[in-house]
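Examining the three-dimensional arrangement
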Amino acid sequence: MTETPAVQSSLRVSGASPWEEEFGYSRAAQAGDFVLVAGSTAYDNGVVLNEGDPYQQTLAAFAVAFKALARYGLGAADVIRTRMYITHVRDSEEVGRAHKKLFDAIRPVATMVVVEGLIDSRMMVEVELDAYRPGLATSLEGKP
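As the structure is a prediction and not an experimental result, all values here were calculated from the model.

Here is what the cut-offs are and how they apply
- Residues numbered from 1 in each chain as written.
- Predicted model: local features only at pLDDT ≥ 70, side-chain atom pairs only at ≥ 80, totals over all residues.
- Heavy atoms only, no water.
- Core = buried A, V, L, I, M, F, W, Y, C linked by side-chain atoms within 4.5 Å.
- Buried < 20%, exposed > 50% of the residue type's maximum accessible area, 1.4 Å probe, protein only.
- Helix = DSSP H or I, 4+ residues; strand = E, 2+ residues; numbered from the N terminus.
- pLDDT = per-residue confidence, 0-100.
- Contact = heavy atoms within 4.5 Å.
- Pairing = 2+ DSSP bridges.
- Right-handed = clockwise from strand over helix to strand, strands pointing away.
- Polar contact = N/O pair within 3.5 Å; in protein donor to acceptor, adjacent residues only side chain to side chain.
- Phe/Tyr/Trp six-rings, centres within 6.5 Å; stacked < 30°, edge-to-face > 60°.
- Lys NZ or Arg CZ within 6 Å of the ring centre and 35° of its normal.

1. Observations concerning the nonpolar core
Counting 22 residues, the largest nonpolar core has Val35, Val37, Phe62, Phe66, Leu69, Leu74 and Leu129 as its most contacted members. Residue assignment for this core shows that the elements contributing at least two residues are β3 (34-40), α2 (54-70), β6 (79-86), α3 (92-103), β8 (125-132) and α4 (136-140). A total of six residues in this core trace back to one element, the largest contributor, which is α2.

2. Focus: the confidence of the model for the protein
Averaged over the protein, the pLDDT score is 86; the fraction of residues at 70 or greater is 80%. Here residues 2-9 is a poorly scored stretch, pLDDT under 50, and it has five contacts once near neighbours within four places are set aside; other chains count.

3. Section: the pairing of strand β7 (residues 109-114)
Note that β6 and β7 share six bridges and pair parallel. In the strand pairing of β7, Arg83 is matched with Thr111. In this view, the connection linking β6 to its parallel neighbour β7 by way of α3 has right-handed handedness.

4. As for the environment of Ala76
Along the chain, the position of Ala76 falls in the loop between α2 and β6. On the accessibility criterion, Ala76 (23% relative accessible area) is partly exposed. Along the sequence, Ala76 and Ala131 sit 55 residues apart, while their C-alpha atoms lie 8.2 Å from each other. With near-sequence residues (within four places) excluded, Ala76 lies in contact with Phe66, Phe103 and Ile106.

5. Looking at unusual backbone geometry
You will see that Asn50, though not glycine, has its phi angle at about 55°, which is positive. Looking at where Asn50 falls in the secondary structure, it is placed in the loop between β5 (47-48) and α2. Within the chain, Arg107 stands out as a residue other than glycine whose phi angle is a positive 60°. Tracing the backbone through its elements, the reader meets Arg107 in the loop between α3 and β7.

6. A look at the side chain of Gln57
Mapping Gln57 onto the fold places it in helix α2. A polar contact is formed between the side chain of Gln57 and the backbone oxygen of Leu49, at a distance of 3.3 Å. Not counting residues within four places of it along the chain, the set of residues in contact with Gln57 comprises Ala42, Val48, Leu49, Asn50, Glu51, Gly52, Arg122, Met123, Met124 and Val125.

7. Quick look at the packing of aromatic side chains
Tallied over the entire structure, the rule returns four aromatic pairs. Considering the side-chain rings of Phe34 and Tyr132, the 4.8 Å spacing of their centres and the 45° angle between planes classify their relative orientation as tilted. Of this pair, Phe34 sits in strand β3 while Tyr132 sits in strand β8, and the two are 98 residues apart along the sequence. On the basis of relative accessible area, Phe34 is assigned to the partly exposed category, the value being 37%. Of the aromatic side chains, those joined through ring pairs into one cluster are Phe62, Phe66 and Phe103. For the cation-ring pair, Arg97 lies above Tyr55, with the distance from its terminal atom to the ring centre recorded as 3.7 Å.

Rendered as structure tokens:
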């Protein structure tokens, strides 16, 4: 059986989620010219934002992810893949509408999956994204 080599990330950033420390993960990690952003929700300072509104929760969740991307000097235009985990199929239209608002001109590849639930039952959507910029690794060399 062949082992897959570990990817060496040269820069990891943390966000404001209490679960990062509790569960041992980073908000985002850079691997070469890619940045991978962990699942992000409409959660801020212990409060679930926009309860009951999947459209606004999606926008808020992507705002959390974009904040992490900005730490690398990246933005929405650098996003090449999105993933959306929703707790109710009925919310797919509103979540998709929010995605279109943010990415219509960019057109990353995207996946939307209905899941049984998220870590807090008031959360209706969780998003992940991957971004890419040629030469990113070189531009970040030596940065903490």
